[in-house]
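Residues per chain are reported as follows:
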Amino acid sequence: MIAREEIEAFAQKVTQIREEIAKEIVGQQEVVEQLLITLIAGGNALLEGVPGLGKTRLVRTLAQVFRLPFNRIQFTPDLMPSDITGTNLIVKTEGGNEFRFRPGPVFASVVLADEINRATPKTQSALLEAMQEHSVTVAGETHALPEPFFVLATQNPIEQEGTYPLPEAQLDRFLLKILVRYPSVAELDAIVRLTTVPQNLHAQCVAGADTLLELRRVAEEVPLAKAVWDAALGLVMNTHPQRPESPERVKRSLRFGASPRAAQAIVAAARVRALMQGRYNVAFEDLRAVAPACLRHRVSLSFEGMAQGDTVEQIIELLLEQLPTA
């Protein structure tokens, strides 16, 4: 059982982190919350939004608040896998020549994969091992990445020319897919004021890697009642169109359902959110809050579903309506 003091300390630290991020980022509270959930749960995130919404600035600010090593990789069609992972170089020594490994930009705690869908599948796959195993293998030698380690990738949903859609295997390795939306008029006004005049107030480091790992440890101890646990599993199972118990609209509109990683993501993210809300157990409202970001990149519409005008978000909302209210 988690002590009340641990819950209060968790919520207080998260509030402090939010306040620092707010010095650099206007609005986007839901995006900030989901990014914090990703980091505390130890996962990777895919941020989708049009250019200019502050995705890069947000990730950089997040690394600054936690004082974590940060690298940004701009994905382009000519980017090679070795440009990400690193390569072996021939170095002259007194005894002759020898190979030495030169680490690539993936060797950081927070790696921003900017416009990840602009690189070729071969280059995209260079991140698969890093995202899942937290290591890279070059010339048969495996190199461990620093801990904690996160890949926060961005992509533009509008411009698709010259892009390479991420395969399902790679999408499945993102804990959350976060949608970054347009700001309101008031937020746009604050953004312009913040970025067009000199600012004396900047985000400061209020946590470190040890703090992040401690927050993760506390979150992993949050209990789930059997009813909530079963609801999370049932939510994922109902995304499978071949399952007899799935809703008829799912059978008609989805081509395939979510993998077991979706259930893992929902449980891990819901635990973190419960603590962020100051509660020591997961509620159904936590499942509703995190499920869309956990599922939207793990299911795919069928041809019939697209012809009917269905969207993934509508299907997820249908499934969430079936969750108990208490």
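First, a word on what this report is: a plain description of the structure on this page. Nothing here was measured: the structure is a model prediction, and the numbers come from that model. (Residues numbered from 1 in each chain as written. Predicted model: local features only at pLDDT ≥ 70, side-chain atom pairs only at ≥ 80, totals over all residues. Heavy atoms only, no water.)

Glancing now at the overall build of the chain. Check the secondary structure of the chain and you find 15 helices and 11 strands. The principal-axis extent of the C-alpha atoms belonging to the chain is close to 70 × 45 × 45 Å. Each of the 326 residues in the chain was classed as buried or not, and the buried ones make up 49%. Summarising the internal contacts of the chain: among those between residues at least 6 apart in sequence, 76% fall at separations of at least 24. (Helix = DSSP H or I, 4+ residues; strand = E, 2+ residues; numbered from the N terminus. Buried < 20%, exposed > 50% of the residue type's maximum accessible area, 1.4 Å probe, protein only. Contact = heavy atoms within 4.5 Å.)

Next up on the list: the environment of Gln132. One can find Gln132 in helix α6 (residues 126–133). Given a relative accessible area of 36%, Gln132 falls into the partly exposed group. A C-alpha to C-alpha distance of 33 Å links Gln132 and Pro324, two positions 192 residues apart in sequence. When sequence neighbours within four positions are dropped, the list of residues in contact with Gln132 reads Arg173 and Arg261.

Under the defined criterion, the tally for this structure stands at 21 salt bridges. Across the pair Glu20 and Lys23 runs a salt bridge, and its minimum N-O distance is 3.0 Å. By relative accessible area, which is 10% here, Glu20 ends up buried. In this structure, the salt-bridge partner of Asp114 is Arg72, at a minimum N-O distance of 2.9 Å. With Asp114 in strand β5 (residues 110–114) and Arg72 in strand β2 (residues 70–74), the pair connects residues that are 42 residues apart, well separated along the chain. Look at the salt bridges and you will find they share partners, linking Arg18, Glu33, Arg273, Arg279, Glu285 and Asp286 into a network. (Salt bridge = Lys/Arg side-chain N within 4 Å of Asp/Glu carboxyl O.)

Moving on, we get to the nonpolar core. Formed by 77 residues in total, the largest nonpolar core has its most connected members in Phe10, Ile21, Leu36, Phe66, Leu152, Ile266 and Leu287. It is helix α12 (residues 260–276) that provides the largest number of residues to this core, a total of 11 residues. Ignoring anything within four residues of it in the chain, the contact list for Ile266 reads Ala232, Leu235, Val236, Leu287, Val290, Ala291, Cys294 and Leu295. One finds Ala108, Ile116, Val136 and Phe174 within the second-largest nonpolar core, a separate group that totals 23 residues. (Core = buried A, V, L, I, M, F, W, Y, C linked by side-chain atoms within 4.5 Å.)

The next point concerns the packing of helix α10 (residues 226–237) against α12. Contact geometry of α10 with α12 gives a least axis separation of 9 Å together with a crossing angle of 140°. The orientation of α10 relative to α12 falls into the category oblique. Crossing hand, α10 versus α12: right-handed. Of α12, the residues touching α10 (which contributes Trp229, Ala232, Leu233, Leu235 and Val236) are Ala262, Ala263, Ile266, Val267 and Arg271. (Axes fitted to C-alpha atoms, helices over the stretch in contact; angles between N-to-C directions. Parallel < 35°, antiparallel > 145°, perpendicular 65-115°, else oblique. Left-handed = near helix turned anticlockwise from the far one by under 90°.)

To continue, consider the sheet that holds β5. Across the sheet, which stays open at both edges, the 5 strands sit in the order β2-β5-β8-β1-β9 with parallel pairing between neighbours. Among the strands making up the open sheet, the edge pair consists of β2 and β9 (176–179). With direction set aside, neighbouring strand axes in the sheet form an average angle of 20°. As defined by bridge partners, β5 adjoins strand β8 (residues 150–155) across 4 bridges and the pair is classed as parallel. Note on β8: the bridge partner recorded for Leu112 is Leu152. (Pairing = 2+ DSSP bridges.)

Now for the side chain of Thr61. Tracing the backbone through its elements, the reader meets Thr61 in helix α3 (residues 55–66). Thr61 sits in the buried class, given a relative accessible area of 3%.

Successive side chains on a regular strand alternate, one facing one side of the sheet and the next facing the other. One ladder, built from 4 bridges, connects strand β6 (residues 135–138) with strand β7 (residues 141–144); its direction is antiparallel. Note on β7: the bridge partner recorded for Val136 is His143. Between the end of β6 and the start of β7, which pair antiparallel, lie 2 residues, with Ala139 showing a positive phi angle near 55°.

Moving on, we come to helix α9 (residues 209–220). For α9, spanning 12 residues, the distance from its first C-alpha to its last is 17 Å, which sits close to the expected 16 Å at 1.5 Å a residue. As for α9, its buried residues are in contact with α1 (4–22), α2 (29–41), α3, β8 and α12. (Expected span 1.5 Å × (residues − 1).)

This next bit is on the environment of Asn281. Residue position: Asn281 is located in the loop between α12 and α13 (284–295). Separated by 239 residues in sequence, Asn281 and Gly42 have C-alpha atoms that sit 19 Å apart. With near-sequence residues (within four places) excluded, Asn281 lies in contact with Val222, Pro223, Ala274 and Asp286.

A cis geometry characterises the amide bond from Glu147 onward to Pro148, with omega recorded as 0°. Residue placement: Pro148 occurs in the loop between β7 and β8. Unlike most non-glycine residues, Glu115 shows phi in positive territory, near 50°. Summarising the element assignment, Glu115 is placed in the loop between β5 and α5 (121–124). Residue His134 is not a glycine yet carries a positive backbone phi of 55°. Structurally, the position occupied by His134 is in the loop between α6 and β6.

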